[in-house]
Amino acid sequence: MGMLLEFVKQDKMVPFHQHLELRFRILVGVCSWIRQFSSSSSTLKIDFMDLTRPHTWYPNARKKSRKVIVHVGPTNSGKTHHALKRLESSSSGIYCGPLRLLAWEVAKRLNKAKIPCDMITGQEREEIDGAKHKAMTVEMADVTLDYHCAVIDEIQMLGCRTRGFSFTRALLGISADELHLCGDPSAVPLIQEILKVTRDDIEVQSYERLSPLVALDVPVRSCSDIKTGDCIVTFSRRKIYKLKRHIENGGKHLCSVVYGSLPPETRTRQGLQATMFNDATNEFDVLVASDAIGMGLNLNISRIIFSTLKKFDGMEERDLTVPEVKQIAGRAGRFGSKFPDGEVTCMDVNDLPLLHSSLKSPSPVLERAGLFPTFDLLFMYSRLHLTQSLYQILEHFEENAKLSSNYFITDCEAMLKVAAVVDELPLGLHDKFLFVTSPVDMNDDISSQGLIQFAQSYAKQGKVQLREIFTPGTLQVPQSQTALKELESIYKVLDLYGWLSFRLEDSFPDREVALTQMAICRMLIERFLETAA
């Protein structure tokens, strides 16, 4: 019981639902340990590396015989719409998506339909009085509560090497009478295999695209061939602004831009501008974007034009995969819009064969889902091996975890970078775990320095005053793309502070300061985007 009490001390500042979930799972683990060692305390029988039965980690969901409806089909097929209609008609429910923008859109949809719905992400809380529905990012899914209906969007992200484990946790752990899964048909066999060990009833509903998508046989060779309603897709900030400049220099069009490192709210605003390019009264009639448009933005696009079918994925430059091509291309044409029929082509004639073959090919069937050990497993392993080094613990699990053929251990590279930093500080294991799982980009110098400063101040003083690290009133409109990138990085640091403030509220008390400065960052970024035109 000593280690349980120590854990509770460490855990006192986490959100209440996470506090209950972790305490319950630790208690289950301790009781299990006591049972196994009651007859022989000298013999070690627990194998904490055994992750072959992850469905047993979620006893609340295992009490139910869930009805699982898998909605599969291409982009613009109505699959998510049908799942959300069931959510709207339920007495209580939860929506889980991969992006804040998706959670925001669903919460807005339900509240507009007079169904009170909270919006919850790692960095935001918008709570509505009397709400029995919640829209959230998948990492925030509460597996301790019961729901009548749950929706998990983009379920094929089970196979994502860095975030797949969050979708696996939601799939196995959400306790709902009805569980609706929306995504690509490639995920169906894996879902069926994973759920064989549960008592869930599975039904698959397939959908066809609601409007045509035509792959053109000729490329768009020049920016002078761009027309109203086009979206040109490329994969770096530099190329996005280069294309924007070339198109606008032609004097016929003005361009909105969307890419991943823009703040989500700015992408929403830019997305609304992009939607308005269909309006003759609006000057911004062309969109230049990264693959960020693949999910979360409902845009009225007539034609998708790939400037290239290669992207750098953080490790190497490679061809786009079949699912990536189909996800992006599918944004062209939108049922019920001014452009119901979609077209897709490339700027390089040599890319056309890959485009055509990708659109005709089924997505490769997912073979494995991401998995990551729960904190209680890491905690008990640390007690057994008398180590507080989270780096060593994570590395050991990554290299030695026993998995069934349906799972892979998540890519821990980013977590290990943070663990190497926090292991040097006088922090408990749970606090280290909190920093390791925070949304920080350790490949961004400004973001990584922000995390280091936050962790050091928290370890030394127990409180992190944002004003001591960041001086309000010093932000300016960027005058170059380099300055823009720096401002986007500052936004990420402020966003990280907000994330930590929801989990360590007493120690990160300046949430309102962070929110105010984030709003200023967005305004300055948007002003740059406007003046860049």
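Nothing here was measured: the structure is a model prediction, and the numbers come from that model.

About the thresholds
- Going along each chain's sequence as written, the residues are numbered from 1 onward.
- Under the rules for a predicted model, residues below a pLDDT of 70 receive no local features and side-chain atom pairs below 80 are neither given nor counted, while totals for whole chains, interfaces and linings still include all residues.
- To obtain the side-chain values, all non-hydrogen atoms of the structure were used and water was disregarded.
- Helix and strand definitions follow DSSP, with helices as H or I runs of at least four residues and strands as E runs of at least two, each counted in order from the N terminus.
- Exposure categories follow from relative accessible area, calculated using a 1.4 Å probe and restricted to protein chains: below 20% of the type maximum is buried, above 50% is exposed, and the middle band is partly exposed.
- In what follows, a contact means two residues having at least one pair of non-hydrogen atoms within 4.5 Å.
- Accessible surface is estimated by sampling points in the Shrake-Rupley manner with a 1.4 Å probe; for residues, cover comes only from the protein chains shown.
- Salt bridge, as used here: a side-chain nitrogen of Lys or Arg that lies within 4 Å of a carboxyl oxygen of Asp or Glu.
- Stacked, tilted and edge-to-face pairs are distinguished by plane angle, under 30 degrees for stacked and over 60 for edge-to-face with tilted covering the rest, among Phe, Tyr and Trp rings (Trp via its six-membered ring) whose centres lie within 6.5 Å.
- In this scheme, the term charge over a ring applies when either NZ of a lysine or CZ of an arginine sits within 6 Å of the ring centre and within 35 degrees of the ring normal.
- Each residue gets a pLDDT score, which is the predictor's confidence in that residue and runs from 0 to 100.
- Strands are labelled as partners when DSSP assigns at least two bridges between them.
- A patch is a set of surface residues, each over 30% in relative accessible area and not in a salt bridge, joined within 9 Å for like charges and within 5 Å for the nonpolar side chains Val, Leu, Ile, Met, Phe, Trp and Tyr.
- Asp and Glu count as negative and Lys and Arg as positive, but His and the ends of the chain are not part of the count.
- In plain terms, the charge of a residue is placed at NZ if it is Lys, CZ if Arg, CG if Asp and CD if Glu.
- Polar contact criterion, stated in full: a pair of N or O atoms within 3.5 Å, where within protein one must be able to donate a hydrogen and the other to accept it, and residues adjacent in sequence count only if both atoms are side-chain atoms.
- To obtain an axis, a line is fitted to C-alpha atoms, over the contacting stretch when the element is a helix, and the angle between two such axes runs from 0 to 180 degrees between their N-to-C directions.
- Each angle receives one of four descriptions, namely roughly parallel if under 35 degrees, roughly antiparallel if over 145, roughly perpendicular if within 65 to 115, and oblique otherwise.
- Each crossing gets its handedness from the near helix: less than a right angle anticlockwise from the far helix is left-handed, clockwise is right-handed.
- Three residue categories are used. Nonpolar comprises Ala, Val, Leu, Ile, Met, Phe, Trp, Tyr, Cys and Pro, charged comprises Asp, Glu, Lys and Arg, and polar comprises the others, including Gly.

Colleague: Can you lay out the overall build of the protein chain for me, pointing to particular residues and giving the numbers?
Modeller: The number of helices and strands found in the protein chain is 19 helices and 18 strands. Within the span of the protein chain, comprising 533 residues, buried residues form 56% of the whole. When contacts within the protein chain are restricted to residue pairs at least 6 apart in sequence, long-range pairs at least 24 apart make up 75% of them. Carbon and sulfur atoms make up 52% of the accessible area of the protein chain, which totals about 23400 Å².

Colleague: Just give me the short version of the pattern of salt bridges, but keep the residues and values in it.
Modeller: Counted under the stated rule, the structure contains 24 salt bridges. In this structure, the salt-bridge partner of aspartate 177 is lysine 64, at a minimum N-O distance of 2.9 Å. Remark: lysine 64 occurs in the loop between helix H3 (59–62) and strand E1 (67–72) and aspartate 177 occurs in strand E7 (residues 175–183); sequence separation between them is 113 residues. Overall, the relative accessible area of 35% leaves aspartate 177 in the partly exposed class. For glutamate 413, the salt bridge is made with lysine 417, and the minimal N-O distance between the two is 4.0 Å. Here glutamate 413 and its partner lysine 417 are both found in helix H14 (residues 413–422), four residues apart, which amounts to about one turn of the helix. Owing to a relative accessible area of 32%, lysine 417 belongs among the partly exposed residues under this scheme.

Colleague: Would you mind going over the packing of aromatic side chains in detail, with residue names and values included?
Modeller: Note on aromatic pairs: each is described by the distance of the centres and the angle between the planes. With the rule as written, the count across this model stands at 11 aromatic pairs. Relative to phenylalanine 397, the ring of tyrosine 381 has its centre 5.5 Å away and its plane inclined at 65°; by these criteria the two rings are edge-to-face. With a gap of 16 residues between them, tyrosine 381 in helix H12 (residues 375–384) and phenylalanine 397 in helix H13 (residues 390–400) connect regions that are remote in the sequence. Over the ring of tryptophan 499 we find arginine 503, and its NZ or CZ is 3.7 Å from the ring centre.

Colleague: Tell me about the confidence of the model for the protein chain, residues and numbers included.
Modeller: Mean pLDDT for the protein chain: 86, with 86% of residues reaching 70 or above. The low-confidence segment residues 1–24, where pLDDT is below 50, has 44 contacts with residues more than four positions distant or belonging to other chains.

Colleague: Give me the lowdown on the sheet that holds strand E5 (residues 133–137), citing residues and values where you can.
Modeller: Overall, mixed pairing links the eight strands, which are arranged E4-E3-E5-E2-E6-E7-E1-E8 in an open sheet. Every interior strand has two partners, whereas the edge strands, strand E4 (125–126) and strand E8 (201–206), have only one. For strand E6 (residues 146–152) and E7, the ladder comprises six bridges, and the chain directions are parallel. Looking at E7, one finds that alanine 150 is bridged to leucine 179.

Colleague: Go over a positive patch on the surface with me, naming the residues and quoting the values.
Modeller: Residues Arg238, Lys239, Lys242 and Arg245 make up a contiguous surface patch of positive charge. Within the secondary structure, arginine 245 is located in helix H8 (residues 237–249).

Colleague: Any details on unusual backbone geometry? Residues and values, ideally.
Modeller: Despite not being glycine, lysine 114 shows a phi value in the positive range, around 65°. Its location among the elements puts lysine 114 in the loop between helix H5 (100–112) and strand E3 (117–120).

Colleague: Explain the side chain of threonine 234 to me, and be specific about the residues and the numbers.
Modeller: By secondary structure assignment, the location of threonine 234 is in the loop between strand E10 (230–233) and H8. Using a relative accessible area of 1% as the deciding quantity, one classes threonine 234 as buried. At 3.0 Å, the side chain of threonine 234 forms a polar contact with the side chain of serine 307. Among residues more than four places away in sequence, those in contact with threonine 234 are Lys239, Ile240, Leu243, Ala289, Ser290, Asp291, Ser307 and Thr308.

Colleague: Mind laying out the packing of H14 against helix H15 (residues 429–436), listing which residues take part and the relevant values?
Modeller: Geometry of a packed helix pair, given as the angle between the helix axes and the separation of the axes. With their axes 9 Å apart at the nearest point, H14 and H15 run at an angle of 140° to one another. Put simply, H14 runs oblique to H15. Pair H14 / H15 crosses with right-handed handedness. On H15, the residues touching Met415, Val418, Ala419 and Val422 of H14 are Lys432, Phe435 and Val436. For the contact of H14 with H15, a count of residues per class yields six nonpolar, no polar and one charged.

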